[in-house]
Amino acid sequence: MTQNPYLRYRASGIAWLGEVPAEWEVLPAKAIFAERKQRNRHDDIHLTPSQKFGVVAQSEYMQLTGNKVVLNLSGSDAMRHVEPRDFISHLRSFQGGLELSRLRGKVSAAYTVLTPRVGVVASYFRYVFKSVLYVQALQTTTDQLRDGQSIRYGQFAGIRLALPPVVEQRQIANFLDTQTAKIDLLIDTQERLIETLAERRQAVISLAVTKGLDPDCPIKDSGVNWLGSISEHWAAVSLNRLLRTPLKYGANEAAVYDNPEWPRYIRITDFGVDGALRDSTFRSLPPDIASEYPLQGGDILLARSGATAGKSFLVPDDIGPSCYAGYLIRVALNRNRASPRFISYFLASAPFAEWRALSVIQATIENISAEKYARMIVPVPPIEEQLQIIAHLDRETLLMDALSAKAREMINVLKERRQALISAAVTGKIDVRGLS
């Protein structure tokens, strides 16, 4: 599809907009949106803004996310009324833009509710407020971008916005609805491929780390419901019995240093989807502090809290001087009894996932303690058989991991294309009138 520019442009005087079509207006946001300050009505349903789901009823949000409780920090008496076509700025808007509500209801007074004035097509501004160029402009309204901070009307009001004619706003919104739906379908296809590969990978691993490689080998009941049966000649022992040193929590230190001469300070955020350490997130600790929390290749790090509780990371052999953060737990194995890579594969199995689900403590955040990890039962083949299983799984997962990586790369390309298309359309860099 050919996408041509407009015939005539003029300077907007606004960095994030650049030149705009000559017929478009450029106005401060307060001239286009007012702040809705109405208190909630008695029959308003409770709404929750979410970058992933948009504005949804709180009960629906809890179903979508699996949450049991959504806290309303402002209390039930401090709520604001919302009408369909209103926009809501929320605690993550500095990262992901504003959310369009298609529902009537109420939100916490901690949020800002924006209502469009006459001549405003909400579906067009849904794309404007999600464009990366607008979000970057929004970020310049404050020098304190931190969690728990919402955008106030005064910050929003001063940003200048492009306002095409009403008919054109609808045309742009319709064009983007059609084109982004096509891209989203491609993204969904790749995401489903990744899910299928992950399920297949887990199934292959689960069979190998519980039954071994010989399909004719006799099996026995492990005595543990979530583990099920294992090869008859294997042991089933607590993780604690496989260690060379006790499980240990990491350093409770802020990640503020990046001195390359100091030991690397490893946190959960340092690991990519593929389990590899990111160079871009490097932080360090002074040697005198780091020396209390040393790491070496072959150690395993277990996440103990938050959404990542139960995730594991195998420390690479070429790690260099390193230490680890307090919300991680170090597993230092006795390699005469257990290979780190065999245990790492077990931690990617379905039985371990079931153990995690049974073991996680549901408090304000999920948590699995070192004591609970230490008591976890692990299937243990003879060390020679562990090495055979590792070699088998390395071969079996190689292609699946490569396909998953390719799919993730494709998703990133598609998301970039989607964002570029939106930014070009809402700033008038392409003329989509008559296109769909």
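Just so we're clear, the structure is a prediction, and the values are computed from it rather than from any experiment.

### A word on the overall build of the chain
Secondary structure assignment for the chain yields 11 helices and 24 strands. Within the chain, counting contacts between residues at least 6 apart in sequence, those at least 24 apart form 73% of the total. Summing over all exposed atoms, the chain offers an accessible surface of approximately 22000 Å²; the carbon and sulfur share of this is 51%.

### Side note on the sheet that holds strand β9 (residues 99–100)
Within the open sheet, the 4 strands sit side by side as β4-β11-β8-β9. Their pairing is antiparallel. Strands at the two margins of the open sheet, each flanked by one partner only, are β4 (33–35) and β9.

### Overview of the packing of aromatic side chains
Counted according to the given criterion, the structure contains 20 aromatic pairs. Ring geometry for Tyr257 against Trp262: centres 5.2 Å apart, planes inclined by 70°, an arrangement best described as edge-to-face. Trp262 sits in the partly exposed class, given a relative accessible area of 27%. Three or more aromatic residues link up through ring pairs in this structure, and these residues are Trp16, Phe33, Phe87, Tyr124, Phe125, Phe129, Tyr134, Tyr153 and Phe156. Positioned over the ring face of Tyr127 is Arg126, at 4.6 Å from the centre of the ring.

### Quick look at the pairing of strand β7 (residues 79–82)
Here β7 shows no split at all, with Met79 and His81 on one side and Arg80 and Val82 on the other all buried. Sheet analysis places β7 next to strand β10 (residues 105–108), joined by 4 bridges and oriented antiparallel. Residue His81 lies in a different strand from β10, and its bridge partner there is Lys106.

### Looking at the nonpolar core
Core analysis: the largest hydrophobic core is formed by 48 residues, its most contacted members being Phe125, Phe129 and Phe156. Looking at which element gives the most residues to this core, the answer is helix α11 (residues 383–426), with 7 residues. Once residues within four sequence positions are removed from consideration, Phe129 is found in contact with Phe33, Phe87, Gly96, Gly97, Leu98, Tyr134, Val135, Phe156 and Leu161.

### Brief notes about the environment of Ile194
If you trace the backbone, Ile194 turns up in helix α6 (residues 166–211). Sequence separation between Ile194 and Ser404 is 210 residues, and the spatial gap between their C-alpha atoms is 5.4 Å. Leaving out residues up to four positions away in the same chain, Ile194 has contacts with Ser404, Ala407, Arg408 and Ile411.

What counts and what doesn't
Residues numbered from 1 in each chain as written. Predicted model: local features only at pLDDT ≥ 70, side-chain atom pairs only at ≥ 80, totals over all residues. Heavy atoms only, no water. Helix = DSSP H or I, 4+ residues; strand = E, 2+ residues; numbered from the N terminus. Contact = heavy atoms within 4.5 Å. Areas by Shrake-Rupley, 256 points an atom, 1.4 Å probe, with all protein chains shown as cover. Pairing = 2+ DSSP bridges. Phe/Tyr/Trp six-rings, centres within 6.5 Å; stacked < 30°, edge-to-face > 60°. Buried < 20%, exposed > 50% of the residue type's maximum accessible area, 1.4 Å probe, protein only. Lys NZ or Arg CZ within 6 Å of the ring centre and 35° of its normal. Core = buried A, V, L, I, M, F, W, Y, C linked by side-chain atoms within 4.5 Å.

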